[in-house]
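Letter by letter, the chains look like this.
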Amino acid sequence: MSARSTDALRGDDSPPACSPPGSADAIRAAHRRFLMPAVQTFYDEPMPIVRGQGKHVWDADGNRYLDFFGGILTVGLGHCHPEVNHAIRQQVDTLQHVSTLFPTQPMVEAAERLARLAPGDCDKTFFTNSGTEANEMAILLAELHTGRSELIALRHGYTGRSRLAMGATGQSTWRVGGGNAAGIRHAANAYCYRCPFGLEYPSCDLRCARDIEDVVRTTTSGRIAGFIAEPIQGVGGFITPPPGYFEVAVDIVRRYGGVFICDEIQTGWGRTGKTLNAIDHWGVEPEIVTYAKALGNGIPVAATVARAEIADSFVGNTLSTFGGNPVSTAAANAVLEVVERDGLADNAERVGKFLREGLMELADAHPVIGDVRGKGLMLALEFVEDRGTKEPAAAFTARLLQNARDEGLLIGKGGLYGNCVRISPPLNIGTADASAALRLLDRALTATEAELR
């Protein structure tokens, strides 16, 4: 049936849906007409992207951009990576779908890889499609294993967009409709730049981590299922805990009978440098770990990986129609092969150090930058109206995003106050790419200062 016939059946005068690559205006018009308004977009005038290759993307008007956000830390190998795409095409032509009711070679290979690469003794996998689903499964496993239902999460954290995941999320912005979930309590996070206790590291004695015990003793029954946390809070603005934080926090959780769920959905697979799993920077091994995003380099695939005794606690039937499908797990296998073979965690450490040094130089030149933080190629800038008061500069941040785009650089935004820029390029970039991004960002900062100061 033609688009015109479909319009007639709808009985309205709206324009037919476009089939990209159409004009930028046509794509934007169709987006406004046919997608729910809750679908958030960047920029004053949303930018339709029609092509990607490596570290670059192109919009519908033919403009090229250096992508230093990577689909929210998802395109870890860059856009349309040839080896990943080859694995996808080969699998599509072989076997596309059978559901988890049937074992497949790509699925068991991916599970075997995860058992080898996940932290600690996590070696049993349940595949799903998204980080939200992976975290839901992790929380369920913790409850089944402990026989308890109370969970500790962190303020400023982000867990996903389902009802339960919103309940564990620690930001009002992302708890649409209330997002309440019984039994979830939020402890203070390790936000050193804005310490909730007004202290400074290390003389603080990790008061934020010790707050977990206060929360357990005063807001729960004292018998908890677990603790879910991101090693670095992604949507929160790449808030990075100091050394020692997780050692103290996880020890408290285990003393009260809970397990540690490590959310590596944004941090995993070399993003933070040196190691494949970000939690290794703190020397702690979780009982359950969750992955998504970069695991498929843009293909929907997620995994909940747990210790055998945790996984065995799930007694009863379950399945995932699309989780672990042959195409997604073929992509995941290709991604993990490239990440290991090419030493991308080491590259993220090396190039990330160079990029961070450049960002620190920008902070010296631009007083609106209050904080530079992160690890590897997961770096953030927090913008403030005044470094003394630390008043969030949300309007500046929004305008900077626009000006960076106009300069040819795509970056992300985050933080509870909307004043953080998130920088997360592909893990296989070089220092020349980082230098180019720094030049573009410097020009965007200067332009924004001229407009708003």
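These figures come from a predicted structure and were not determined experimentally.

Calculation notes
- Residues numbered from 1 in each chain as written.
- Predicted model: local features only at pLDDT ≥ 70, side-chain atom pairs only at ≥ 80, totals over all residues.
- Heavy atoms only, no water.
- Pairing = 2+ DSSP bridges.
- Helix = DSSP H or I, 4+ residues; strand = E, 2+ residues; numbered from the N terminus.
- Axes fitted to C-alpha atoms, helices over the stretch in contact; angles between N-to-C directions.
- Core = buried A, V, L, I, M, F, W, Y, C linked by side-chain atoms within 4.5 Å.
- Buried < 20%, exposed > 50% of the residue type's maximum accessible area, 1.4 Å probe, protein only.
- Contact = heavy atoms within 4.5 Å.
- Patch = residues over 30% accessible without salt bridge, like charges linked within 9 Å, V, L, I, M, F, W, Y side chains within 5 Å.
- Areas by Shrake-Rupley, 256 points an atom, 1.4 Å probe, with all protein chains shown as cover.
- Salt bridge = Lys/Arg side-chain N within 4 Å of Asp/Glu carboxyl O.
- Lys, Arg positive; Asp, Glu negative; His and termini not counted.
- Charge placed at Lys NZ, Arg CZ, Asp CG, Glu CD.
- Polar contact = N/O pair within 3.5 Å; in protein donor to acceptor, adjacent residues only side chain to side chain.
- Phe/Tyr/Trp six-rings, centres within 6.5 Å; stacked < 30°, edge-to-face > 60°.
- pLDDT = per-residue confidence, 0-100.
- Left-handed = near helix turned anticlockwise from the far one by under 90°.
- Nonpolar A, V, L, I, M, F, W, Y, C, P; charged D, E, K, R; others polar.
- Parallel < 35°, antiparallel > 145°, perpendicular 65-115°, else oblique.

*Asks:* What is the right way to look at the sheet that holds strand 8 (residues 259–263) in this model?
*Replies:* Two modes of strand pairing occur in sheets, parallel and antiparallel, and in both the strands are linked by backbone hydrogen bonds. Spatial ordering of the open sheet is given by 4-10-9-8-7-5-6, a layout of seven strands whose pairing is mixed. Where the open sheet ends on each side, the last strands, each with one partner, are strand 4 (124–128) and strand 6 (184–187). Strand-to-strand, the axes of this sheet are offset by a mean angle of 20°, without reference to chain direction. In the sheet, strand 8 pairs with strand 9 (residues 288–291) via three bridges, with the strands oriented parallel.

*Asks:* I would appreciate a short explanation of unusual backbone geometry in the present structure.
*Replies:* Excluding glycine, residues mostly carry a negative phi; peptide bonds, for their part, are mostly trans. Note the cis peptide between Tyr 201 and Pro 202, where omega equals 5°. Residue placement: Pro 202 occurs in the loop between strand 6 and helix 8 (207–219). In this model, Asp 205 sits at a positive phi of 60°, which is unusual for a non-glycine residue. The residue Asp 205 is located in the loop between strand 6 and helix 8 in this model.

*Asks:* It is not clear to me how the nonpolar core should be interpreted in this structure. Could you clarify?
*Replies:* Side chains of nonpolar character tend, in soluble globular proteins, to be buried together. Grouped together as the largest cluster of nonpolar side chains are 94 residues, with contacts concentrated most on Ile 212, Phe 227, Tyr 245, Phe 246, Leu 359, Phe 383 and Leu 441. With near-sequence residues (within four places) excluded, Leu 359 lies in contact with Val 372, Leu 379, Leu 381, Ile 423, Leu 438 and Leu 441. Formed by 17 residues, the second largest nonpolar core is a distinct cluster that contains Met 137, Leu 141, Ala 153 and Ile 228.

*Asks:* What should I look at first to understand the sheet that holds strand 13 (residues 409–410) in this one?
*Replies:* Taken in spatial order, the four strands of this open sheet run 1-2-3-13, and their pairing is mixed. Since the sheet does not close on itself, it has two edges, and those belong to strand 1 (49–53) and strand 13, each with one partner.

*Asks:* Please clarify how the pairing of strand 11 (residues 369–375) should be interpreted in this entry.
*Replies:* One face of the sheet, then the other: side chains in a regular strand alternate in exactly this way. Summarising burial for strand 11: five of the seven residues are buried, a large majority. Across six bridges, the pairing between strand 11 and strand 12 (residues 378–383) is antiparallel. When the bridges of strand 12 are listed, Gly 374 appears paired with Leu 379. Between strand 11 and strand 12, which pair antiparallel in sequence order, lie two residues; one of them, Gly 376, sits at a positive phi of approximately 60°.

*Asks:* Would you mind showing me how to read a negative patch on the surface here?
*Replies:* Together, Asp 121, Asp 123, Asp 280, Glu 285, Glu 309 and Asp 312 make up a region of like negative charge exposed at the surface. Its location among the elements puts Asp 280 in the loop between strand 8 and strand 9. A relative accessible area of 36% means that Asp 280 is categorised as partly exposed.

*Asks:* Sorry, what's going on with the side chain of Glu 264 here?
*Replies:* Along the polypeptide, Glu 264 turns up in the loop between strand 8 and strand 9. Within the buried core, Glu 264 has no salt-bridge partner, and the shortest N-O distance to an opposite charge, that of Arg 271, equals 9.8 Å. There is a polar contact of 2.9 Å between the side chain of Glu 264 and the backbone nitrogen of Ile 279.

*Asks:* Mind showing me how you'd approach the side chain of Arg 422 here?
*Replies:* By the secondary structure assignment, Arg 422 is in strand 15 (residues 420–423). Of the side chains with opposite charge, Glu 230 comes closest to the buried, unpaired Arg 422, at an N-O distance of 7.2 Å. At a separation of 3.1 Å, a polar atom in the side chain of Arg 422 contacts the main-chain carbonyl oxygen of Gly 234.

*Asks:* Sorry, what's going on with the packing of aromatic side chains here?
*Replies:* Aromatic rings considered in pairs are described by the distance between their centres and by the relative angle of their planes. Per the stated rule, a full pass over the model turns up nine aromatic pairs. For the ring pair Phe 383 and Phe 396, a centre distance of 5.4 Å and an interplane angle of 35° mean the geometry is tilted. In this pair, Phe 383 sits in strand 12 while Phe 396 sits in helix 13 (residues 394–407), placing the two residues 13 residues apart along the sequence. Since its relative accessible area comes to 0%, Phe 383 is described here as buried. Judged by relative accessible area, Phe 396 falls into the buried class, the value being 2%.

*Asks:* Help me out: how do you make sense of the confidence of the model for the protein chain in this one?
*Replies:* Where the model shows low pLDDT, its predicted coordinates should not be examined in detail. Here the protein chain averages 94 in pLDDT, and 95% of its residues register 70 or above. Long-range and interchain partners of residues 1–18, a stretch whose pLDDT sits below 50, account for 17 contacts in this model, where long-range means more than four residues apart.

*Asks:* Got a minute to help me understand the packing of helix 5 (residues 105–117) against helix 11 (residues 326–341) in this structure?
*Replies:* Packed helices, taken two at a time, are described by the angle their axes make and the gap between the axes. Closest axis-to-axis distance for the helix 5/helix 11 pair is 8 Å, and the angle between their directions is 40°. As helix 5 runs across helix 11, the sense of the crossing is left-handed. Counted together, Pro 106, Met 107, Glu 109, Ala 110, Arg 113, Leu 114, Arg 116 and Leu 117 of helix 5 and Pro 326, Thr 329, Ala 330, Asn 333, Leu 336, Glu 337 and Glu 340 of helix 11 form the full contact between these two elements. Here the residues of the contact of helix 5 with helix 11 are counted per class, giving eight nonpolar, two polar and five charged.

*Asks:* Looking at this model, I keep getting lost on the pairing of strand 9. Mind explaining?
*Replies:* Side-chain alternation along strand 9 places Ile 288 and Thr 290 on one buried face and Val 289 and Tyr 291 on a second face that is also buried. The pairing of strand 9 with strand 10 (residues 302–306) spans four bridges and is antiparallel. Paired with Ile 288 across the two strands is Ala 306, which belongs to strand 10.

*Asks:* Just checking my understanding: could you explain the packing of helix 8 against helix 9 (residues 245–255) for this structure?
*Replies:* Viewed as axis vectors pointing N to C, helix 8 and helix 9 meet at an angle of 10°, and their least axial separation amounts to 8 Å. In terms of axis orientation, helix 8 runs roughly parallel to helix 9. On helix 9, the residues that touch Cys 208, Ala 209, Arg 210, Ile 212 and Glu 213 of helix 8 are Tyr 245, Val 248, Ala 249, Ile 252, Val 253 and Arg 255. For the contact of helix 8 with helix 9, a count of residues per class yields eight nonpolar, no polar and three charged.

*Asks:* Sorry if this is basic, but what is going on with the pattern of salt bridges here?
*Replies:* A side chain with one charge can pair with a side chain of the opposite charge if their charged atoms come near. Evaluated as defined, the whole model comprises 19 salt bridges. The salt bridge partner of Arg 194 is Glu 382, with a shortest N-O separation of 2.6 Å. Of this pair, Arg 194 sits in the loop between strand 6 and helix 8 while Glu 382 sits in strand 12, and the two are 188 residues apart along the sequence. You'll find Arg 194 and Glu 382 in the same group, each marked buried. We note a salt bridge from Arg 405 to Asp 406, for which the minimum N-O separation is 3.0 Å. The exposure class assigned to Arg 405 is buried, which follows from its relative accessible area of 12%. Members of the salt-bridge network, linked through shared partners, are Arg 194, Asp 371, Arg 373 and Glu 382.

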